[in-house]
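The chain contents come next:
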Amino acid sequence: MIQTANGSFIPSDTALFNRFRMCEDVDAQFIDANGDGHLDLWVVAGGNQMPLSPISNADRLYLNDGNGKFTVILDDILRYILINHVLLQLMWITMVIQMFS
């Protein structure tokens, strides 16, 4: 379910999240991982159970398109976040330099 601006909820597609229902998740954080202004969901897996599959203990970054649709990144999550934030900082610095040139 997705909450709208007026506080009501609308259905959303949960198939992507259902793919990872066997995971034992220990923490989650909403962050803007790619700098697009939409909160993405970083889920940290863990626990002491033997994994059922290679993705059972994989951290996941769900990228939010702003319309309730998510895509998932399984590999190099920290690298993805750092690269995007460095690029955003460089764009901001370039814009400031251009303003004062």
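Now for a quick tour of the structure.

Quick notes on the rules
- Residues numbered from 1 in each chain as written.
- Predicted model: local features only at pLDDT ≥ 70, side-chain atom pairs only at ≥ 80, totals over all residues.
- Heavy atoms only, no water.
- Helix = DSSP H or I, 4+ residues; strand = E, 2+ residues; numbered from the N terminus.
- Rg over C-alpha atoms; globule rule 2.2 N^0.38 Å.
- Buried < 20%, exposed > 50% of the residue type's maximum accessible area, 1.4 Å probe, protein only.
- Lys, Arg positive; Asp, Glu negative; His and termini not counted.
- Charge placed at Lys NZ, Arg CZ, Asp CG, Glu CD.
- Salt bridge = Lys/Arg side-chain N within 4 Å of Asp/Glu carboxyl O.
- Pairing = 2+ DSSP bridges.

1. Concerning the overall build of the protein chain
Here comes step 1: A count of helical and extended segments in the protein chain gives 2 helices and 6 strands.
Here comes step 2: Counting from the amino terminus, the protein chain carries its helices and strands in the arrangement β-β-α-β-β-β-β-α.
Here comes step 3: Relative to a compact globule of 101 residues, whose C-alpha radius of gyration would be 13 Å, the protein chain shows 17 Å and is clearly more extended.
Here comes step 4: A principal-axis box enclosing the C-alpha atoms of the protein chain has dimensions of 60 × 35 × 15 Å.
Here comes step 5: For the protein chain, buried positions account for 22% of its 101 residues.
Here comes step 6: Between the centroid of the 5 positive side chains of the protein chain and the centroid of its 11 negative side chains there is a distance of 8 Å.

2. As for the pattern of salt bridges
Here comes step 1: In total, this model carries 2 salt bridges according to the counting rule given.
Here comes step 2: For R60, the salt bridge goes to D25, with nearest N and O atoms at 2.8 Å. On the criterion of sequence distance, the pair formed by R60 in strand β5 (residues 60-64) and D25 in strand β3 (residues 25-31) is long-range, its members being 35 residues apart.
Here comes step 3: A relative accessible area of 2% means that R60 is categorised as buried.
Here comes step 4: D25 gets classed as partly exposed once you look at its relative accessible area, which sits at 38%.

3. Some remarks on the pairing of strand β6 (residues 70-73)
Here comes step 1: Pairing of β5 with β6 involves 4 bridges; the strand directions are antiparallel. Bridging across to β6, Y62 finds its partner in V72.
Here comes step 2: Once β5 ends, the chain turns through 5 residues before running back antiparallel as β6, passing G66 with a positive phi of about 90 degrees.

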